[in-house]
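# Coordinate inspection notes
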Amino acid sequence: MNILIKNGRVIDPANGVDEKLDILVSEGRIAKLGKPGSITANGAGVVDVDQRLVVPGLIDMHVHLREPGFEYKETIASGAAAAAAGGFTSVCCMPNTNPVNDSRSVAEFILSQARQAPARVYPIGAVTKGSKGEELTEMGELFSAGCVAVSDDGKPVMNAAVMRRALEYSKIFDMLIISHCEDSALAAKGVMNEGIVSTELGLRGIPSAAEDVMTARDIALAELTGGRLHIAHVSTAGSVQMIRDAKARGVKVTAETCPHYFSLTDEAVRGYNTMAKMNPPLRTAADVEAIKQGLRDGTIDVIATDHAPHAADEKAGEFDYAPFGIVGLETALGLALKLVEEGVLPLVELLAKMSARPAAILKLDKGSLSPGFDADITIIDPTVEWMVKSSEFKSKSRNTPFEGWKLKGRAVQTMVAGRH
Amino acid sequence: MALRTKDLLGIRGMSSDEIKLILDTAATFKDVSERDIKKVPTLRGKTVMNLFYEASTRTRTSFELAGKRLSADVINISSSTSSAVKGETLLDTARNLEAMKCDIIIVRHSCSGAPEYLSKMLKSAVINAGDGFHEHPTQALLDLFTIREKLGRIEGLTVAIVGDIAHSRVARSNIYGLTALGAKVRVCGPPTMIPPGMAQMGAEVTYDMDKAVEGADAVMMLRLQLERQTAGLFPGVREYANLYGLNSARLARAAGHALVMHPGPMNRGVEISSEVADSNSVILDQVTNGVAVRMAVMFLLSGGTKAEA
């Protein structure tokens, strides 16, 4: 079936497009773009988007879908539904499931569960078997099974020699290694950022150096090996600066941050708010400024969510015992659009960080509205004001620190291969 | 005047008037414990639950005596005998206690924030009997009471708090209480045990104990948790005692009237020499005053006012 998307403001960062265009979708692919009224419907269904933004389907390269193993928190189906509701047509799921996605069979299981899902799901395999940080996984198997990157996210690869070999070995497949930069000895039993707030609350702190020393190490290893390194969820000013310097030297390193790291500080933990407990932890106002600067100057390539669903019972009770993480798929776009409002990023650049940029890093033929590409399209109403109500989330979990926030702009339609 | 809150979770944010109200009320209760018949009918018919998720003798007993001397019915639950070992959540346990109509729930917990969490979920008054590294408000109140009783005032005094500040709820509560009442606070310990943000909390930091003690009106010693050695926070007990132990020579640097305090239990010969503990200290006065202060807190949280005490 053909669809004509009419009267939209088409923003396609990959092609430098920002103008009023109509788009013809045919057989699930982008067939043609043209001036408004220049394309005849010829029996195609017409979607009049009435001046809304028509953008490449958003890509979230960092989510946790919890299946297999933790289906009470999220399933591939519910996570993909949350993605679609938030404007994401593609998500990459981290391997910390049970069993860990460290083998072809788990990757294939995830892909088979995703077949009917309302968003595309790309598995990320583990760097080491069982994400134990000891022996490398069979990356060739994972790659051919459909994994788009490898990561031991949530469990840093503490042994530098193992990380070195991973970065070397991954070069066979030119596979991306996504590093959760955290020195677990420095982080120890910390539950929030180390600083005045942790002192006042009497909670064990995680110093920003726990992230910085690992960022420094991994950059050095990327430099040594020539492997492709992507730093996940950057939260500190120190990491931003090191990544900036590394890029200037020509190191193959890319980086992402998450909406919470430019929206909140560790002040959000006061009252022992477990919804503000995540890893890396919320940092200080100075770090938030540095993250924004990193987004502005291109040091940070990507905005990802680190969508980490947890059941309500798990997030209730003692702060120390609550698991790390928050859901993000259904709030990310609204929070990210605030960066445009604040003048941190032009709209086209923001959208690039949520579509074209992650696609390029992951080498996916996605994130663009070029003719021939899959018709993965998100339609955004940039003016609608709405309030975050976790009870309305498509995700199985409700663990958000943004409950009740008033946001402006949201996805009103998400098409995957022309279907919505 | 009455307290503004239904709970006592910490000293942070309390006004000097509220703190003084508790201290003044405690003064009126102190003599109850001196009588032959150590009981007043003030809280007759009220039920007080001591919910202790962490080992404690002194604090639990002090709360129990305080409740009993006010004629409340006091029940003790410790984590080893409660359903915590069966994996029941803190909230479920507390809700069950509330369902049995407890008026005051006293909570000791190794997790910072556990009493605050319960206070939000329960209608009963919640008293924090020490949570993690966060606060131990009744300890600070009894310390303030003791200083005021012995020295006549708190405003303008200099108090040194020495030891593992980072992991001490006693230190935090005392910093808030002392500064709220106008005292100057010096904190002292190895840098591995000094948390960030001390200046913002109003305390001066020194790593040199001689400087901390110099001219001080009171010296509060904190218990050294010996297991911190394996965590690398100090290399050995001998050096720790040399650098941060209170002995007679060091005490001589303090003001002549200086009070030596310790929340207990003491490591004799580590943070405090026996000589100092046994001859110059007000450590047992602190324990005595603890009962009066806790009586005052329970009384005030039950809606009492100072005039009725």
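The model shown is predicted, which means the values in this text are computed figures rather than measured ones. (Residues numbered from 1 in each chain as written. Chains lettered and ligands numbered in written order. Predicted model: local features only at pLDDT ≥ 70, side-chain atom pairs only at ≥ 80, totals over all residues. Heavy atoms only, no water.)

### Description of the packing of aromatic side chains
Residue and element names in this part refer to chain A. Under the criterion given, the structure shown has 6 aromatic pairs over all chains. Measuring from centroid to centroid gives 5.8 Å for F143 and F173, while their planes differ by 35°, and the two rings are tilted. A residue pair is termed long-range when its members are at least 10 positions apart, and F143 in helix 3 (residues 139-145) and F173 in the loop between helix 4 (160-169) and strand 10 (176-179) qualify at 30 residues. One aromatic cluster is present, formed by F143, Y169 and F173 through successive ring pairs. In this structure, K277 is placed above the aromatic ring of F324, and the distance from its NZ or CZ to the ring centre is 4.8 Å. (Phe/Tyr/Trp six-rings, centres within 6.5 Å; stacked < 30°, edge-to-face > 60°. Helix = DSSP H or I, 4+ residues; strand = E, 2+ residues; numbered from the N terminus. Lys NZ or Arg CZ within 6 Å of the ring centre and 35° of its normal.)

### With respect to the sheet that holds strand 7 (residues 88-93) of chain A
All names here are of chain A. An order of 6-7-8 is seen for the 3 strands of this open sheet, with the pairing classed as parallel. The two strands at the open ends of the sheet, each matched to only one other strand, are strand 6 (58-63) and strand 8 (120-123). Strand-to-strand twist across the sheet, computed as the mean angle between neighbouring axes with direction ignored, equals 20°. Bridging between strand 6 and strand 7 involves 4 bridges; their strand directions are parallel. Its bridge partner being in strand 7, D60 is matched across the sheet by V91. The sheet contacts of helix 1 (residues 76-86) involve strand 6, strand 7 and strand 8, and relative to strand 7 the element is tilted by about 135°. Packed onto the sheet, helix 2 (residues 104-114) meets strand 7 and strand 8 and runs at close to 175° relative to strand 8. (Pairing = 2+ DSSP bridges. Axes fitted to C-alpha atoms, helices over the stretch in contact; angles between N-to-C directions. Contact = heavy atoms within 4.5 Å.)

### Overview of the interface of chain B and chain A
On the side of chain A, 17 residues touch chain B, which itself brings 24 residues to the contact. Between chain B and chain A, the buried area comes to about 1500 Å², and carbon and sulfur atoms account for 54% of it. Taking the shortest distance from any N to any O, the salt bridge between B:R12 and A:E200 comes out at 2.8 Å. For the pair chain B and chain A, the interface holds 8 residue pairs in polar contact (both at pLDDT 80 or more). Of the residues contributing to the side of chain B that touches chain A, the split by class is 10 nonpolar, 8 polar and 6 charged. (Buried area = accessible area lost by both parts, 1.4 Å probe. Salt bridge = Lys/Arg side-chain N within 4 Å of Asp/Glu carboxyl O. Polar contact = N/O pair within 3.5 Å; in protein donor to acceptor, adjacent residues only side chain to side chain. Nonpolar A, V, L, I, M, F, W, Y, C, P; charged D, E, K, R; others polar.)

### Section: helix 2 of chain A
All names here are of chain A. Every buried residue belonging to helix 2 is among V106, A107, I110 and A114, and all of these are buried. Burial along helix 2 is one-sided: seen end-on, the buried residues are contained in an arc of 100°. Where the residues of helix 2 are buried, they touch helix 1, strand 7, strand 8 and helix 3. (Buried < 20%, exposed > 50% of the residue type's maximum accessible area, 1.4 Å probe, protein only. Arc of directions from axis to C-beta.)

### Regarding the side chain of B:D143
Residues and elements named next belong to chain B. Its location among the elements puts D143 in helix 5 (residues 137-151). For D143, which is buried and forms no salt bridge, the nearest opposite charge comes from R294, at a distance of 8.3 Å. Beyond its immediate stretch of four places on either side in the chain, D143 contacts V170, N174, M220, M261 and Q286. (Lys, Arg positive; Asp, Glu negative; His and termini not counted.)

### A short note on the pattern of salt bridges
Residues and elements named next belong to chain A. A complete count under the given rule lists 45 salt bridges over all chains for this structure. A salt bridge links D381 to R52, with the shortest nitrogen-to-oxygen separation between them at 3.4 Å. Remark: R52 occurs in the loop between strand 4 (45-48) and strand 5 (53-56) and D381 occurs in strand 16 (residues 377-387); sequence separation between them is 329 residues. Of the charged contacts in the structure, one is a salt bridge between R270 and E200, with a shortest N-O distance of 2.9 Å. Here the residue R270 occupies a position in the loop between helix 9 (259-263) and helix 10 (285-296), and E200 occupies one in helix 6 (residues 196-201), the gap between them amounting to 70 residues. E200 sits in the buried class, given a relative accessible area of 9%. Taken together, the salt bridges that share partners define one network made up of R29, R120, K366, D374 and D376.

### Things to note about the packing of helix 3 (residues 90-99) of chain B against helix 4 (residues 114-121) of chain B
Residue and element names in this part refer to chain B. The N-to-C vectors of helix 3 and helix 4 enclose an angle of 50°; their axes lie 10 Å apart at closest approach. Judged on the interaxial angle alone, helix 4 and helix 3 are oblique. Between helix 3 and helix 4 lies a crossing of right-handed hand. Counted together, L90, L91, A94 and R95 of helix 3 and A114, Y117, L118 and M121 of helix 4 form the full contact between these two elements. Its residues placed into classes, the contact of helix 3 with helix 4 shows 7 nonpolar, no polar and 1 charged. (Parallel < 35°, antiparallel > 145°, perpendicular 65-115°, else oblique. Left-handed = near helix turned anticlockwise from the far one by under 90°.)

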